[in-house]
Amino acid sequence: MLDASFPPFDFEAGEVLLLDKPLTWTSFDVVRKVKNTLRIKKIGHAGTLDPLATGLLILCTGKKTKEIDLIQAQEKEYTGTFRLGETTPSFDLETPVDAELPFEHLTEAAVRVATAPFIGLIEQTPPLFSAVKVNGERAYEVARRGEEAVIKSKQITIKEFEITRLELPEVDFRVVCSKGTYIRSLARDFGAALGCGAHLTKLVRTRIGEYQLAESLNIEQIEALRPPHPEGSADRPPRPQKQRRPERRAGLEHFNTNNTAAQSDGTRNDATE
């Protein structure tokens, strides 16, 4: 994280802001928060992060928004945790476990060897719980109605797939991959390759191209950059604060119900002003 001595920013001329996205916030939540806090007219993000992922989210403002496509095309690096022996419909913690399979027979060597087929140019099918378009609507909208949809596979590249900790049923990993890779789908496919199923329980994006999570700002640091109100605006009555509506936040009812601690720590969920 950067310290309190921020460099001068010119958001209208254009800046590339590195943000550490909080848990359960959507990427749009972060864009809206930064836009409202810093009163930026033109802003967008360079690559979506799922609500249950944290880490590097790049925002571009002003003329730098022209660089969004270039930035999000760069390779990504992620770290996280798979849980073996359990599967979920969303391949992560958004939905409850729907199947359990034995994993105790697995050896460390077997788990490490199973990464090899996933390195290189591979075919991957995105999750149904994703923003992929299916007949004109987002796949997650279909999934949350309890309906099925056919999602086409696509080619992606995984440059590195490293196991960094192995304490069954948990497996920590580091992945370097191309744009369009779904780590939740990798969890599904990795579990299938091991014959025991798996789902993603933690995901952090640590890098996009040369941009590093270690250089990012958190939401509190963004709030510290809030400009003073225009002259005369102090006399206006304050705007009412919008209340968070969990039922509208990316279908996270199951996660919110089973992870109340995440709602009471520093990663609060109210991304509005």
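Residues numbered from 1 in each chain as written. Predicted model: local features only at pLDDT ≥ 70, side-chain atom pairs only at ≥ 80, totals over all residues. Heavy atoms only, no water.

### Details of the pattern of salt bridges
According to the stated counting rule, one finds 15 salt bridges in the structure shown. When the shortest N-O distance is used, the salt bridge between E162 and R174 registers 2.9 Å. In this pair, E162 is assigned in strand β10 (residues 154-167) and R174 in strand β11 (residues 170-177), connecting sequence segments 12 residues apart. Ionic pairing is found between D172 and R165, a salt bridge with its closest N-O pair at 2.7 Å. Bridged by salt links that share partners, the residues E77, E160, E162 and R174 form one connected network. (Salt bridge = Lys/Arg side-chain N within 4 Å of Asp/Glu carboxyl O. Helix = DSSP H or I, 4+ residues; strand = E, 2+ residues; numbered from the N terminus.)

### Comments concerning the environment of T54
Turning to its location among the elements, T54 is positioned in strand β3 (residues 54-61). Between the alpha carbons of T54 and L19 there is a distance of 9.8 Å; along the sequence they are 35 residues apart.

### A few points about unusual backbone geometry
For residues other than glycine, phi is negative in most cases, and the peptide bonds are mostly trans. Each neighbour pair has its own omega, and for L168 with P169 the value is 10 degrees, a cis peptide bond. Structurally, P169 is set in the loop between β10 and β11. A positive phi angle, near 80 degrees, is found at T24, a position not held by glycine. Mapped onto the elements, T24 comes out in the loop between β1 (16-21) and α1 (27-38). Unlike most non-glycine residues, F91 shows phi in positive territory, near 70 degrees. Within the secondary structure layout, F91 lies in the loop between β5 (86-87) and β6 (99-100).

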